[in-house]
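Observations on the model geometry
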Amino acid sequence: MKSIISLLIAVVLSFNISAQQKTNSTAAEELKIRNEIYVNVELPSDQNVKQQLEKLNKVISVDSYDQDKNIATAYVTIHQFNSFIELGLNYTLLTPPSLLLNRSELDGSYTKGTNDWDYYPNYTQYLDMMNQFEMDYPDICEVVSIGQSNEGREILFLHINNNLGEDADEPEFMYTSSIHGDEITGYVLMLRLSDYLLTNYGVLDKVTNLVDNIDIWINPLANPDGTFAGGDNSVYGATRSNAMGVDMNRNYADPEDGNHPDGNQYQTETVLFMDFAEERDFIMSANFHGGAEVLNYPWDTWSKLAADDDWWYFVCRDYADTVHLYSPSNYLNEFDNGVTNGYQWYSISGGRQDYMNYFHHCRELTVEISSTKLPPASQMPSFWDYNYRSLLNYMEATLYGARGVVTDYFTGDPMVAKVFIAMHDKDESYVYSSMPAGDYHRLLKQGLYNLTFSAFGYYDKTISMVDISDYQTEILNVELEPNVGLVGDNKVEISIYPN
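Fair warning: this is a prediction, and the values are worked out from it, not measured in the lab. (Residues numbered from 1 in each chain as written. Predicted model: local features only at pLDDT ≥ 70, side-chain atom pairs only at ≥ 80, totals over all residues. Heavy atoms only, no water.)

**Some points on the sheet that holds strand β11 (residues 339–341)**
Inclusion rule: Between any two strands, pairing holds if DSSP finds at least two bridges. The helix and strand labels rest on DSSP assignments: H or I over at least four residues marks a helix, E over at least two residues marks a strand, and numbering proceeds from the N terminus. To obtain an axis, a line is fitted to C-alpha atoms, over the contacting stretch when the element is a helix, and the angle between two such axes runs from 0 to 180 degrees between their N-to-C directions. The contact criterion used throughout is that any non-hydrogen atoms of two residues lie within 4.5 Å.
The strand order β5-β6-β8-β7-β9-β12-β10-β11 describes an open sheet built from eight strands, whose pairing is mixed. The sheet is open, and its two borders are formed by β5 (141–148) and β11, each paired with just one other strand. Averaged over neighbouring strand pairs, the angle between their axes works out to 20° when direction is ignored. In this structure, strand β6 (residues 154–160) lies alongside strand β8 (residues 215–219), joined through three bridges in antiparallel fashion. Looking at the pairing, His159 lines up with Trp217 of β8. The strands touched by helix α13 (residues 380–396) are β7 (172–177), β8, β9 (282–289) and β12 (363–370); relative to β7, the strand with the most contacts, the crossing angle is about 155°.

Here you go:
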């Protein structure tokens, strides 16, 4: 009997090994074609799930986790495959999200234009739409290329403001979408948002206020090589990673894990965005993803709560609650009815959100806007109807909190100064005033705060018991007096991204 049992065990083990080898072989062939595979990974049931997901995310890109089945859905790139296999986990190959629909459900005809929002523009249509915006609204809109992707495609921003070319006392705001090339609901929504702002400037008070008082930057497509991995004529065949097989939302410097947390060099697109962020002074931002329906706020990399955790929950709740007024009951309702702390969901390193918050003092949020990465294009108008009011409200939040201009007491010249809140700020949550206007913008939840302004060569100045109200703006212009015992040069040390 023992020999029979042993034989059966050997047969089962042999079958499992053979099946896994066959899967590995199929995966290797697919990696040669697409640089990435999409998989379900079975997690051991006798181990801590949180720790397993963190360990797994160090090797591959976890996309979601099914708690009931104890299965993680993930992407494995060509650079990660060998390390993934060494983990010895059972996995199943899945059809990539960008291949689930046929092209007729994704593409529009070449006659489609900027007034048609029920298709995913191909690369040529995308360029034409962006350039048409500038041609139609040259007084308030310009197209800015921050450079070319690894394969030479343009990474474009629409810069929208009523005073283009002037540096005014205004907060800078950024929307960016599809750093994961196959998550492109936000791609269409960002194009439509641009059109909405431009066509309604001077018509709708809310839009006019945003364009007049915020320096707006919109990047509809952060990873064009991934989105058009199947060719410039269609988003069919899009990949999550860039042309080099790198997940760019794991490719940024990380507050906890430092430089190159994914083990890769900074990608061409990553460097372009880091350089661009260094040139600007973004106060607030959001980046759009797909595969879930939830607003994910900092931090992703560690369990510590952000200094402004209450403000984060407030603005996320405002976005989600507004969506719920205009959407089906089953939309944007994951986790805390559409809101989650990133680490509470699952931890990642090298994400854009944490990079912008920590290294650039910019409040950036991750918006998972559709549970399907590439919904049928016919659904795009519905996603717009659900979200556009929240998109405007989130942008408007940049105008609230404490703001003002910091100047030299004697000369009246604007200057750079650190704005710090004692017993509150931590993990780089303070902000700086920026040149040439010397303006600062400190986003805060309702409450009383003591704001300290400091710069090398100047005496610190603290304004106590600043009363902040939700949806309101407190103007605090500050003059700093030079310390004659020091040589001031109107400069302070600021954090920049690591080399």
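**Considerations on the nonpolar core**
Rule in force here: Side-chain atoms within 4.5 Å are what join buried Ala, Val, Leu, Ile, Met, Phe, Trp, Tyr and Cys residues into a set we call a nonpolar core. Exposure classes here rest on a 1.4 Å probe applied to the protein chains alone. A residue is buried below 20% of its type maximum, exposed above 50%, and partly exposed in between.
Tyr175, Leu193, Leu197, Tyr319 and Tyr394 are the most contacted members of the largest nonpolar core, which has 96 residues in total. One finds Leu31, Val41, Leu89 and Ile348 within the second-largest nonpolar core, a separate group that totals 23 residues.

**Some details on the sheet that holds strand β4 (residues 91–94)**
The strand order β2-β3-β1-β4 describes an open sheet built from four strands, whose pairing is antiparallel. Looking at which strands have only one partner, the edges of the open sheet turn out to be β2 (61–66) and β4. Neighbour-to-neighbour, the strand axes of the sheet open up by a mean angle of 25°, direction not taken into account. Each of β1 (36–42), β2 and β3 (71–77) touches helix α2 (residues 49–57); the most contacted strand, β2, lies at about 155° to it.

**Thoughts on the pattern of salt bridges**
In plain terms, the rule: Should a side-chain nitrogen of Lys or Arg be within 4 Å of a carboxyl oxygen of Asp or Glu, the pair is scored as a salt bridge.
Considering all chains together, one arrives at 25 salt bridges under this definition. Asp247 is paired through a salt bridge with Arg250; the nearest N and O atoms lie 4.0 Å apart. The exposure class of Asp247 is buried, given its relative accessible area of 4%. Residue classification places Arg250 among the buried positions, given a relative accessible area of 6%. In this structure, Arg317 engages Asp321 in a salt bridge whose closest nitrogen and oxygen atoms are separated by 2.9 Å. With Arg317 and Asp321 both in helix α9 (residues 309–324) and four residues apart, this pair spans about one turn of that helix. Connected through shared salt-bridge partners, Asp63, Glu183, Arg240, Asp247, Arg250 and Lys373 make up one network.

**Regarding the pairing of strand β10 (residues 292–297)**
Counting buried positions along β10 gives six out of six residues, so the element sits mostly inside the fold. With burial as the criterion, each face of β10 is covered, one bearing Ala292, Val294 and Asn296 and the other bearing Glu293, Leu295 and Tyr297. The pairing of β10 with β12 spans five bridges and is classified as antiparallel. Pairing of Asn296 across the sheet is with Thr366, part of β12. With three bridges joining them, β10 and β11 adopt parallel strand pairing. Looking at β11, one finds that Leu295 is bridged to Val339.

**Regarding the environment of Gly237**
Of note, Gly237 is situated in the loop between α7 (224–227) and α8 (268–279). A C-alpha to C-alpha distance of 53 Å links Gly237 and Asn450, two positions 213 residues apart in sequence. Once you skip the residues sitting within four places of it in the chain, Gly237 turns out to touch Arg34, Ser98, Leu99, Ala229 and Gly230.

**Things to note about unusual backbone geometry**
Following Pro298, the chain continues into Trp299 via a peptide bond in cis, with omega recorded as 5°. By secondary structure assignment, the location of Trp299 is in the loop between β10 and α9. In this model, Met435 is joined to Pro436 through a cis peptide bond whose omega is 10°. By the secondary structure assignment, Pro436 is in the loop between β15 (431–432) and β16 (439–442). One non-glycine residue, Asn70, lies in the positive phi region at around 55°. Residue position: Asn70 is located in the loop between β2 and β3. On the basis of relative accessible area, Asn70 is assigned to the buried category, the value being 13%.

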